[in-house]
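For reference, the chains in residue letters:
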Amino acid sequence: MKFYIATDHAGIELKDYTVELLETKGHEVIDLGPFSKDRVDYPDYAHKVAESVLADSSAQGILICGSGIGMSMAANRHVGIRAALCHDAYTATVARGHNDANILCFGERIVGKGVAESILDAWISGSFDGGRHCGRVEKIEI
């Protein structure tokens, strides 16, 4: 699977861990930054990932900040993006299966490395269930 990933200054350590973890599992990861803990504005990076995912429909996105909230809000401003803030494997599974989410968001200040790995494993193994969920997902884009 191919992932575009970005963070703000509050998620650098978990982003670096996530990139390494995904690459170890054989996934392609395109890191859109930032690459230091210097203060940056999270919407700039959320937009980079959202635009990349929209341009590359075979890819998924990952956004990390302190809480994951700001990143998910900014990414969801893009038509066609369904960014899901996930705090555990169950929310990641449901986001993929029921909501056809294409960007995973989580917060470095909320989840540790072990929980992040379980979220990523659930995300990667999941897929959209279709069926009764199709009409609901279509209604997201109003």
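Report follows, based on the coordinates. (Residues numbered from 1 in each chain as written. Predicted model: local features only at pLDDT ≥ 70, side-chain atom pairs only at ≥ 80, totals over all residues. Heavy atoms only, no water.)

A separate point is the packing of aromatic side chains. All chains considered together, the criterion is met by zero aromatic pairs. Above the plane of the ring of Trp123 lies Arg96, whose end atom (NZ or CZ) is 5.4 Å from the centre. (Phe/Tyr/Trp six-rings, centres within 6.5 Å; stacked < 30°, edge-to-face > 60°. Lys NZ or Arg CZ within 6 Å of the ring centre and 35° of its normal.)

Ranked by size, the top nonpolar core spans 22 residues in total, and within it Ile62, Cys86, Leu104, Phe106, Ile119, Leu120 and Trp123 carry the most contacts. Every element with two or more residues in this core is listed here: strand S1 (2–7), helix H1 (12–24), strand S3 (59–65), helix H4 (89–99), strand S5 (103–107) and helix H5 (113–125). The biggest single contributor to this core is H5, with five residues. Excluding its chain neighbours within four sequence positions, the residues that come into contact with Ile119 are Cys86, His87, Asp88, Ala89, Ala92, Leu104, Phe106 and Val111. Counting 18 residues, the second largest nonpolar core, distinct from the first, contains Ala6, Ala74, Ile103 and Cys105. (Core = buried A, V, L, I, M, F, W, Y, C linked by side-chain atoms within 4.5 Å. Buried < 20%, exposed > 50% of the residue type's maximum accessible area, 1.4 Å probe, protein only. Helix = DSSP H or I, 4+ residues; strand = E, 2+ residues; numbered from the N terminus. Contact = heavy atoms within 4.5 Å.)

Taken as a whole, H4 has its buried residues at Ala92, Val94, Ala95, Arg96 and Gly97. Turning to H4, the residues buried within the fold contact S3, strand S4 (83–85), H5 and helix H6 (132–140). The N-capping residue of H4, defined by a side-chain oxygen 3.2 Å from the backbone nitrogen of Tyr90, is Asp88. (Polar contact = N/O pair within 3.5 Å; in protein donor to acceptor, adjacent residues only side chain to side chain.)

A word on the pairing of S3. Across the seven residues that make up S3, a large majority, seven, are buried. Neither face of S3 is left uncovered, since the one carrying Ala59, Gly61, Leu63 and Cys65 and the one carrying Gln60, Ile62 and Ile64 both have all their residues buried. Where S3 meets S5, five bridges bridge the pair, whose relative direction is parallel. By the bridge assignment for S5, Leu63 is matched with Cys105. (Pairing = 2+ DSSP bridges.)

The interhelical angle for the contact between H4 and H6, taken along N-to-C directions, is 90°, at an axis separation of 9 Å. On the basis of the axis angle, H4 is roughly perpendicular to H6. Mapping the contact onto sequence places Gly97, His98 and Asn99 in H4 and Arg132, His133 and Val137 in H6. Residue composition of the contact of H4 with H6, grouped by class: one nonpolar, four polar and one charged. (Axes fitted to C-alpha atoms, helices over the stretch in contact; angles between N-to-C directions. Parallel < 35°, antiparallel > 145°, perpendicular 65-115°, else oblique. Nonpolar A, V, L, I, M, F, W, Y, C, P; charged D, E, K, R; others polar.)

We now examine the pairing of S1. When you tally the buried positions in S1, you get five out of six residues, the bulk of the element. Alignment of S1 against strand S2 (residues 28–31), held across four bridges, turns out to be parallel. Bridging across to S2, Ile5 finds its partner in Asp31. In the classification by handedness, the crossover that spans S1, the intervening H1 and the parallel S2 is right-handed. (Right-handed = clockwise from strand over helix to strand, strands pointing away.)

Now for the environment of Glu23. Within the element layout of this structure, Glu23 appears in helix H1. Accessibility expressed as a relative area gives 44% for Glu23, which makes it partly exposed. Sequence separation of Glu23 and Arg109 is 86 residues, and the distance between their C-alpha atoms is 23 Å.

Another point: unusual backbone geometry. With omega at -10°, the peptide bond leading from Gly33 into Pro34 counts as cis. The phi torsion at Asp100 lies on the positive side, around 50°, for a residue other than glycine. Mapped onto the fold, Asp100 is located in the loop between H4 and S5. The exposure class assigned to Asp100 is partly exposed, which follows from its relative accessible area of 23%.

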